[in-house]
Amino acid sequence: MMKEALILTIDGGTQSTKVAIFDLFGNEVCAETVQLKPLCLSDDGRAEHPADDLWESLQQACKGLFRSFQGDIHAITGVGLGSIRCCRALVKEDGTLASPVQNWMDIRLSAPYEHEDDAVRYVTTATGYLTFRLTGETRDTRANYVGPWPLDPSTLGWYEDTERFTAYDTPRDMLFELVDPATILGTVTEKASKVTGIPEGLPVISTANDKAVEALGSGLRQDGTILVSLGTYITSMMVGDSNDSDAHAYWSNPGAL
């Protein structure tokens, strides 16, 4: 008899890392939440996730999840990865952090990246960093790039115009390849499997960003409905059919239904 397929989901937020297993009808099989450590806040406007908290909390949450999971781990068919938007991760060649992840409230996120440490090999987001840790691939969802990145708002790819791109002071080879949500980012490596318990070889699938995923998961549709999200960041969201580059009171980014 064919096993009932299951999906492992990763939901990184500002205050906690949550992982869950669902069946294909959206029923939660089991879940685990690990609270993040308090942000390191400084008088000069910096806001950092201490040490390697995003990755370490994910390891801890996964181990707790599999301790409570009573089903067949081999029925899990893939991993959906979502995490906090607007963060910046400075990553070394080996995939470890060169410095703590800059939270979306960090003043440095109001300006393009400035290269100050030669240990930094890649500049990416929270989803990009976790993708690298899980799969070893330098790929990331284009839906998580909000803020001062050399991203063309029309194509949602890196600027091809050299002058526009170089204005952001980030060499192209330091940036990850951008992919659409619902794209396979890579597969779980043996190393990542050992520290998380996620079966080696499972495909890791890109989603959007935490707010967009929240909206879609809440059933938001293009019917005039607005979702008010009362998280660490309070916002309202609705679904549109175009990207308005001249908007002043809101911004658009892909939710990837």
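In this report, we go over the structure that sits alongside the text. (Residues numbered from 1 in each chain as written. Predicted model: local features only at pLDDT ≥ 70, side-chain atom pairs only at ≥ 80, totals over all residues. Heavy atoms only, no water.)

### Concerning the overall build of the protein
- A tally of helices and strands in the protein yields 5 helices and 16 strands.
- Taking 257 residues into account, the globule formula puts the C-alpha radius of gyration at 18 Å, and the protein, at 18 Å, falls close to it.
- If one aligns the C-alpha atoms of the protein with their principal axes, the spans along those axes are about 60 × 45 × 35 Å.
- Taken over 257 residues, the protein has a buried fraction of 46%.
- Sequence-distant contacts in the protein: of pairs separated by 6 or more residues, those separated by 24 or more amount to 59%.
- When the accessible area of the protein is evaluated, it comes to approximately 13400 Å², of which 51% is carbon and sulfur surface. (Helix = DSSP H or I, 4+ residues; strand = E, 2+ residues; numbered from the N terminus. Rg over C-alpha atoms; globule rule 2.2 N^0.38 Å. Buried < 20%, exposed > 50% of the residue type's maximum accessible area, 1.4 Å probe, protein only. Contact = heavy atoms within 4.5 Å. Areas by Shrake-Rupley, 256 points an atom, 1.4 Å probe, with all protein chains shown as cover.)

### Here we look at the side chain of T235
- Examined against the element boundaries, T235 turns out to sit in strand β16 (residues 234-237).
- By relative accessible area, T235 is classed as buried at 16%.

### Structural notes on the nonpolar core
- Ranked by size, the top nonpolar core spans 53 residues in total, and within it L8, I21, L58, F66, W158 and I198 carry the most contacts.
- Setting aside residues no more than four positions away along its own chain, L8 makes contact with A20, I21, L65, F66, I76, G78, V79, G80 and I198. (Core = buried A, V, L, I, M, F, W, Y, C linked by side-chain atoms within 4.5 Å.)

### Remarks on the packing of aromatic side chains
- Taken as a whole, this structure holds 7 aromatic pairs when the rule is applied.
- With 5.9 Å between their ring centres and 80 degrees between their planes, F132 and F176 make a pair best called edge-to-face. With a gap of 44 residues between them, F132 in helix α2 (residues 126-135) and F176 in the loop between α3 (162-166) and β12 (177-179) connect regions that are remote in the sequence. Across the pair, F176 and F132 agree in class, each one buried.
- Among the aromatic residues, those joined into a cluster by ring pairs are Y122, F132 and F176. (Phe/Tyr/Trp six-rings, centres within 6.5 Å; stacked < 30°, edge-to-face > 60°.)

### Details of the environment of L227
- Mapped onto the fold, L227 is located in strand β15 (residues 227-230).
- Relative accessible area serves as the criterion here: at 18%, L227 is assigned to the buried category.
- L227 sits 13 residues away from E214 along the chain, and the two C-alpha atoms are 9.4 Å apart.
- Aside from chain neighbours lying at most four places away, what touches L227 is E214, A215, S218, L220, T235, S236 and M237.

### Remarks on unusual backbone geometry
- Not every positive phi belongs to a glycine, and A51 is a case in point at roughly 50 degrees.
- In this fold, A51 is placed in the loop between β5 (47-48) and α1 (53-68).
- With a phi angle near 60 degrees, L156 is a residue other than glycine that sits in the positive phi range.
- The residue L156 is located in the loop between β10 (151-152) and β11 (157-158) in this model.
- Judged by its relative accessible area of 25%, L156 falls in the partly exposed class.

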